[in-house]
Amino acid sequence: MIQVSSVILPTGQAMPMLGFGTWNAAGEELEAALDTALEIGYRLIDTATVYGNERIIGNVLKKWFDSGRIERSDLFIVTKVPPSGNRPGDIEKWLERSLSNLQLSYLDLYLIHTPFAYGDVEGELHPFNEKGEIIIDPDTDHLAIWSVMEKQVMEGRTKAIGLSNFNVAQIERILNHATLPVSNLQVEMHVYLQQSELVYLTL
């Protein structure tokens, strides 16, 4: 079994530094991979509403909980608000939907997936207009959204909140107005995209 060290978030939670990502994973392949990941010691599971796989993950987690092989407190579960839910009035709805799909009573970390919002079209995660163009909502209010994210912590639906794919200016604006801390910033980073300014900001 792998031994994974942790980082302490501003909330006091220990977040494993190595996690099992589920982007582009689905069906029986995801079930088998997640079973193997849990078997060998992965305890952080990262997903998102737009990945379309929360139900599958929820079924696997329930199987492990029911078997007694793992406790909810052993895991660190992360998911994200979809761009189509980036409005203050929609945050709680999407979080509740994720909890239902994952068959959990709370999340360990809930992230705003993108700094932009898609149009609100019922049943459409990626709404398109008649020209085949994605419908963008130009009225995204990061501070109002963050305020509702803080409410989710206070009401026990998630233990921590954070951001994903935000730039430095957007992050700093939220930091300057936040009541609860930004516990995590999830971004793409590798040798071809080093994002040194973002790394410096978070140190």
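Residues numbered from 1 in each chain as written. Predicted model: local features only at pLDDT ≥ 70, side-chain atom pairs only at ≥ 80, totals over all residues. Heavy atoms only, no water.

A sheet is described by the order of its strands in space; here 6 strands give the open sequence β3-β4-β5-β6-β9-β10, paired in parallel fashion. Each edge of the open sheet is held by one strand with a lone partner, namely β3 (20-21) and β10 (185-186). Summarising the sheet, strand β4 (residues 44-46) and strand β5 (residues 76-81) pair through 3 bridges and their orientation is parallel. Residue pairing for β5: Ile45 is matched across the bridge by Ile77. This element, helix α3 (residues 91-102), spans β5 and β6 (109-112) of the sheet and lies at about 140° to β5. (Pairing = 2+ DSSP bridges. Helix = DSSP H or I, 4+ residues; strand = E, 2+ residues; numbered from the N terminus. Contact = heavy atoms within 4.5 Å. Axes fitted to C-alpha atoms, helices over the stretch in contact; angles between N-to-C directions.)

On to helix α1 (residues 27-40). If you check α1, its first and last C-alpha atoms are 20 Å apart, about what 14 residues at 1.5 Å a residue would give, namely 20 Å. Taken together, the buried positions of α1 are occupied by Leu30, Leu34, Ala37 and Leu38. The buried residues of α1 occupy an angular sector of 95° when the element is viewed end-on, so they sit on one face. Across from the buried face of α1, at angles greater than 90 degrees, the exposed residues are Glu28 and Glu29. Considering only its buried residues, α1 is in contact with β3, β4 and α2 (54-67). In the segment just after α1, Gly41 is the residue with positive phi, at about 120°. (Expected span 1.5 Å × (residues − 1). Buried < 20%, exposed > 50% of the residue type's maximum accessible area, 1.4 Å probe, protein only. Arc of directions from axis to C-beta.)

It is worth stressing that arrangement in space is one thing and function is another; only the former is reported here.
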